[in-house]
Structures are given as C-alpha cells and as structure tokens.
Amino acid sequence: MLKLIIFGPPSAGKGTQAQRLSKKYGIPQIATGDLLREAVVRQTPLGMKIKSYLDTGRLGPDDLIVQLISERVAEPDCSEGYILDGFPRTMGQARELERMTEVDLVLNIVVEFEELVGRAVGRRICPQCAAVFNVKSNPPRVDGRCDRCESPLTQRDDDREDTVRNRLKVYMDQTAPLIEHFRTKGNLVDIDGSAGIDGVFDQMVRAIDGLSGQTQAETH
Ligand SMILES: [Zn+2]
C-alpha cells in the first residue's frame with residue numbers, strides 16, 4: 001500500500017509527475033478537479049449535490065469533497081494505493097483525511113515563484129497548430145512566428161504576469177498551512193522543482209523508495 005499526496009504550485013509540473021508516478025508504482029492518480037467533473041457528468045446523488053455548488057461558483061463544503069474522495073479510494077484500483085492531486089486543499093479536508101486514513105508521504109514540489117512567473121510569461125503558443133514555444137528556453141527560429149506553420153505566435157491570457165502572480169498567491173495562501181501541518185507531522189519531503197522533469201521525478205522516486213526501505217528495516 002502506497003498512499004501519496006502531491007503539492008506543487010500551478011505550472012510546476014505536478015500533473016506530469018503524478019502521471020509518471022502512477023505508471024511506475026501502478027497506483028491511480030486521483031485529481032480532485034477531474035473527480036468533481038466526473039461525478040457531475042455521471043449524475044450520481046453526490047454529483048447532483050456538487051453540481052448545485054459548482055453552479056453557484058463555490059467549490060462545495062469539505063465534507064462533500066471528502067465523501068467524494070473516500071468513495072473513490074474505496075474502489076478496487078486503489079487497493080495498492082493512490083496519489084492524491086489537488087486534495088486536501090483546506091485544513092478541514094486534511095483533518096477529515098486523517099480520520100479516514102494515514103498517508104505515507106507528502107511530496108512538496110518547491111519552485112521559486114520568480115522562475116514560474118518567468119516560465120509562464122515567456123510562453124508563446126501558435127493559435128493555428130498549438131505548438132508551444134518559450135522566448136527564453138525554447139525560442140522560435142523566427143521571432144514571433146511558429147516554426148511549423150509560420151503563424152504569428154500569441155500569449156495566453158492565463159500566462160499574463162498579473163494572472164500568474166495572482167494564481168501563485170492564491171496557492172500560497174491556501175497551501176502554506178497544509179505544508180506546515182504535514183511538515184510538523186514529519187511525513188513531508190521537499191522536492192527541488194527546478195531540477196527538470198527527470199530530476200524532479202528521480203527525487204520523488206528516491207523519497208518513495210526510501211520509505212519502503214525504512215519499513216523493511218523496521219520489520220526485519
Ligand atoms: Zn503553428
């Protein structure tokens with residue numbers, strides 16, 4: 001059984017890492033956002049309740065989200081464990097989760113906010129063929145033109161500096177207390193998010209494998 005939580009600011013590559021971990025350890029990635037949308041689409045009783053909250057622009061109370069998660073982790077594909085992505089999001093949810101189960105490890109991707117702002121602000125996309133460039137790390141051959149189809153590149157509204165900074169601030173305000181909570185409990189590991197996709201993945205694998213080594217040492 002391997003129960004993980006992944007924390008990381010928006011655009012830090014949390015989803016990509018969760019997918020890779022899911023493949024390597026054979027446990028599902030449970031993304032709260034997807035779960036919410038799915039419950040609404042399937043029109044389950046819980047889904048109908050959630051829909052009424054989503055319709056009013058609210059996320060729904062903690063107990064509703066927790067119920068959704070507890071139903072999901074009771075499914076057969078979670079028998080070997082799971083990766084929680086986007087949950088818990090509040091201290092209330094964290095406490096509910098602890099009543100339900102103990103997670104083994106919290107992986108906390110740490111990236112300098114200025115680096116994330118830089119990455120997002122430099123991103124340019126081709127509205128024609130969806131190619132992605134970055135003026136700093138992956139510039140197009142001709143300034144402002146797509147390498148593939150030569151269309152003029154654009155910047156997404158989501159990547160504008162004020163939008164990015166606001167998203168990061170919301171993340172910090174929301175997650176900082178949770179990070180401190182798990183750090184105090186002693187099952188949180190900081191992951192250096194500037195190490196590139198493979199480097200970040202390697203650190204996570206080391207932290208997870210160190211965990212099972214620890215358990216083995218204790219039992220033998
Ligand atoms: Zn293009």
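Everything that follows concerns the structure shown earlier in this document.
Summarised in this report is the structure supplied together with it. The structure presented is a predicted model; accordingly, all values stated were derived computationally and were not measured. (Residues numbered from 1 in each chain as written. Predicted model: local features only at pLDDT ≥ 70, side-chain atom pairs only at ≥ 80, totals over all residues. Heavy atoms only, no water.)

1. Some details on the packing of aromatic side chains
By the definition in use, this model includes one aromatic pair. On the numbers, 6.1 Å between centres and 50 degrees between planes, the contact of Phe7 with Phe182 is tilted. In this pair, Phe7 is assigned in strand β1 (residues 2-7) and Phe182 in helix α7 (residues 161-185), connecting sequence segments 175 residues apart. Like Phe182, Phe7 is buried. One residue, Lys24, lies across the ring of Tyr25, its end atom 5.6 Å from the ring centre. (Phe/Tyr/Trp six-rings, centres within 6.5 Å; stacked < 30°, edge-to-face > 60°. Helix = DSSP H or I, 4+ residues; strand = E, 2+ residues; numbered from the N terminus. Buried < 20%, exposed > 50% of the residue type's maximum accessible area, 1.4 Å probe, protein only. Lys NZ or Arg CZ within 6 Å of the ring centre and 35° of its normal.)

2. Observations concerning the pairing of strand β4 (residues 105-110)
Among the six residues of β4, five are classified as buried, and the element is accordingly described as predominantly covered. As paired elements, β1 and β4 share four bridges and run parallel to each other. Following the sheet pairing, Ile6 is matched in β4 by Leu107. (Pairing = 2+ DSSP bridges.)

3. Section: the pairing of strand β3 (residues 81-85)
Within β3, five of the five residues are buried, which leaves it mostly tucked inside the rest of the structure. Sheet topology places β1 next to β3; five bridges connect them, and they run parallel. Bridging from a neighbouring strand, Leu4 pairs with Ile83 of β3.

4. Topic: the sheet that holds β1
With parallel pairing, the five strands of this open sheet are ordered in space as β2-β3-β1-β4-β7. Edge positions in the sheet fall to β2 (29-31) and β7 (188-192), since each has one partner strand and no second. Ignoring which end each strand starts from, the neighbouring axes of this sheet average 25 degrees apart. Of the strand pairs in this sheet, β2 and β3 are connected by three bridges, and their pairing is parallel. From the neighbouring strand, Ala31 faces β3, where its bridge partner is Asp85. (Axes fitted to C-alpha atoms, helices over the stretch in contact; angles between N-to-C directions.)

5. As for the coordination of the zinc ion
With distances of 2.2 to 2.3 Å, the protein atoms coordinating the zinc ion are Cys126 (SG), Cys129 (SG), Cys146 (SG) and Cys149 (SG). In this structure, the zinc ion is surrounded by four donor atoms whose angles at the metal cover 100 to 121 degrees, and the resulting shape is tetrahedral. Here the donor residues for the zinc ion map to a single chain with the spacing C-x2-C-x16-C-x2-C. On the criterion of sequence distance, the pair formed by Cys126 in the loop between β5 (123-125) and β6 (132-134) and Cys149 in the loop between β6 and α7 is long-range, its members being 23 residues apart. Here Cys126 falls in the buried class, since its relative accessible area comes to 2%. (Donors = N, O, S within 2.8 Å, 3.2 Å for Na, K, Ca; no water. Tetrahedral: all angles 85-135°; square planar, octahedral: opposite > 155°, others 65-115°.)

6. Observations concerning unusual backbone geometry
Phe87 connects to Pro88 through a cis peptide bond whose omega is -5 degrees. Within the fold, Pro88 resides in the loop between β3 and α5 (91-100). Positioned with a positive phi, Gln43 is a non-glycine residue whose angle comes to about 55 degrees. Locating Gln43 in the fold gives a position in the loop between α2 (32-42) and α3 (45-55). Among the residues examined, Gln43 registers a relative accessible area of 56% and is labelled exposed. Unlike most non-glycine residues, Glu150 shows phi in positive territory, near 65 degrees. Examined against the element boundaries, Glu150 turns out to sit in the loop between β6 and α7. Under the relative-accessibility criterion, Glu150 is labelled exposed at 59%.

7. Topic: the packing of α2 against helix α4 (residues 62-73)
Each pair of packed helices can be summarised by the angle the axes make with each other and by the distance between the axes. Taken N-terminus to C-terminus, the directions of α2 and α4 make an angle of 90 degrees; their axes are 11 Å apart at the nearest point. Taken as axis vectors, α2 and α4 run roughly perpendicular relative to one another. Contacts between α2 and α4 involve Thr32, Leu35, Leu36 and Ala39 on the former and, on the latter, Ile65, Leu68, Ile69 and Arg72. In terms of residue class, the contact of α2 with α4 is made up of six nonpolar, one polar and one charged. (Parallel < 35°, antiparallel > 145°, perpendicular 65-115°, else oblique. Contact = heavy atoms within 4.5 Å. Nonpolar A, V, L, I, M, F, W, Y, C, P; charged D, E, K, R; others polar.)

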